[in-house]
Every structure is written in C-alpha cells, then in structure tokens.
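# Chain and residue survey
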Amino acid sequence: ADRLHNMRTLAAVAPVKRRRVARETMEIYAPIANRLGLNELFHELQELAFSHMHSLRYRVLAQATRAARGNRREVVGKIEAAIKSKLAGAGVAAAVTGREKHIYSIYRKMIEKHLSFSEVHDIYGIRVVVKDSPTCYLALGALHGLYKPVPGKFKDYIAIPKANGYQSLHTALIGPYGVPVAVQVRTEEMHRLAAAGV
C-alpha cells in the first residue's frame, strides 16, 4: 500500500529517483503483488512504473489505444451483444463485460513477439462471469459455437490454477470481420480472487 501511494505521487520526485523507484517497483513490488494474486494492485503498479520508466512510449501507446478504441467500439459492442444473446439462448445466466488490455501488457507483447501496435489484435477482451464452475464450461461451449476458436489459444486455469490461485478459462475467438476476441470465463468467486487475491 505504501509503495502504491509512492507510485501514485511519483511525479513530484526528481527524474533520476523517479526512474529508480519505478524500476524497483517493476522488478520487485509488482511481481510480489502478482505472486500474492493481488491482480488489480499488480496491474496498477506495472502501469505506473512503465509510465515513469518509459514516459514517451507510454504516452504513444496510450494515444494509439484510445484511437483504436474509437475505431473498434462498434465492433466490440456487436460482439458483446452477440455473446450475451448466445449465452441467454443456451440458458446461461452471465454478466458479460468488455475489458481493455493494459498498456504495459500491450507493450510487453509487442516486444516479446516483435509486433507493431497494429499487429496486436487482442487489445479488447470480454469477461464472462457465471454462477459456478460447471457453468463456465457450458458458457465456453456456447461461445465456441458462436465464433470459431483460435487453435492453441485455450487455457484451463480452473482445472489447473496458476501458482497464485488465479482461476479462469481463457480462449481466443475469431469474431466478425476477422477481429480476434480474447475471452475470460470465471465464477464470481474466481473474479473476486483474481482482483483482490486471497
């Protein structure tokens, strides 16, 4: 909590110290938060550290993400509506929300896979929250019936949770106009644990 407060107020510190504290946060505190399953804290620490370590890169990516959001808003809205309709038709009660990939995650993907920003397609994703584990698999089946899944992009973290306790089903679908959509399916309890940790 102290480090998060320091990171939120880091702009008031001299640039040399700012970069040192940001690097330390990225290398030590963010991984600790991740290991403890404190997902929201983990992502906020990463975003803040990245914005201070590489401020120009952060600003450029933030601007590109805003522009892409405007261009894809209509398509993402249609996909979200289609998913809600398909799940309702399959008798699956679910909360369906859109989510945006964090800027540092986009940057890391660009570096690791040698991609330009325009080649990172899964900037947007859909999160489906259902009542229990069996319903997660039922929802997944309905989604794979709606849009074609991308081969090799399915991960079952419910059957095999991550080391920090994170559980969810991850899949990638080819939506309308060939737009890839990353989807997470989880229960309310899994969602709370993913956000706030044990």
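In what follows, the accompanying structure is described. (Residues numbered from 1 in each chain as written. Predicted model: local features only at pLDDT ≥ 70, side-chain atom pairs only at ≥ 80, totals over all residues. Heavy atoms only, no water.)

### A closer look at the overall build of the chain
What counts here: Numbered from the N terminus, helices here are DSSP runs of H or I no shorter than four residues, and strands are runs of E no shorter than two. For a compact globule the rule gives 2.2 Å times the number of residues to the power 0.38, and the radius of gyration it is set against comes from C-alpha atoms. With a 1.4 Å probe rolled over the protein chains alone, any residue whose accessible area is under 20% of its type maximum counts as buried; one over 50% counts as exposed, and the rest are partly exposed. Whether two residues are in contact is decided by their heavy atoms, any of which lying within 4.5 Å being enough. Every accessible area reported is derived by Shrake-Rupley at a probe size of 1.4 Å, with residue values counting cover from the shown protein chains alone. Under the convention used here, Asp and Glu are negative, Lys and Arg are positive, and both His and the chain ends fall outside the count. The location of each charge is read from NZ of Lys, CZ of Arg, CG of Asp or CD of Glu.
Check the secondary structure of the chain and you find seven helices and six strands. Put simply, the chain runs from its N terminus to its C terminus through helices and strands in the order α-α-α-α-β-α-β-α-β-β-β-β-α. For the chain, whose C-alpha radius of gyration is 18 Å, the value lies close to the compact-globule estimate of 16 Å for 198 residues. Principal axes of the C-alpha set define a box for the chain whose edges measure 55 × 35 × 25 Å. Relative to its full complement of 198 residues, the chain shows a buried share of 41%. Long-range contacts, defined as pairs at least 24 residues apart, comprise 64% of the intrachain contacts of the chain with a sequence gap of at least 6. Accessible surface for the chain amounts to roughly 10900 Å². Of this, 56% is attributable to carbon and sulfur atoms. Separation of charge centres in the chain, based on 30 positive and 16 negative side chains, amounts to 4 Å.

### Quick look at the pattern of salt bridges
Just so we agree on the cut-off: Salt bridge criterion: a side-chain nitrogen from Lys or Arg within 4 Å of a carboxyl oxygen from Asp or Glu.
Scanning all chains against the criterion turns up five salt bridges. E44 serves as the salt-bridge partner of R8, at 2.7 Å between the closest nitrogen and oxygen. Of this pair, R8 sits in helix α1 (residues 2-8) while E44 sits in helix α3 (residues 39-53), and the two are 36 residues apart along the sequence. Among the residues examined, E44 registers a relative accessible area of 28% and is labelled partly exposed. Between E80 and K84 there is a salt bridge, with its nearest N and O atoms 3.9 Å apart. Separated by four residues within a single helix, E80 and K84 lie in helix α4 (residues 55-89), roughly one turn from each other.

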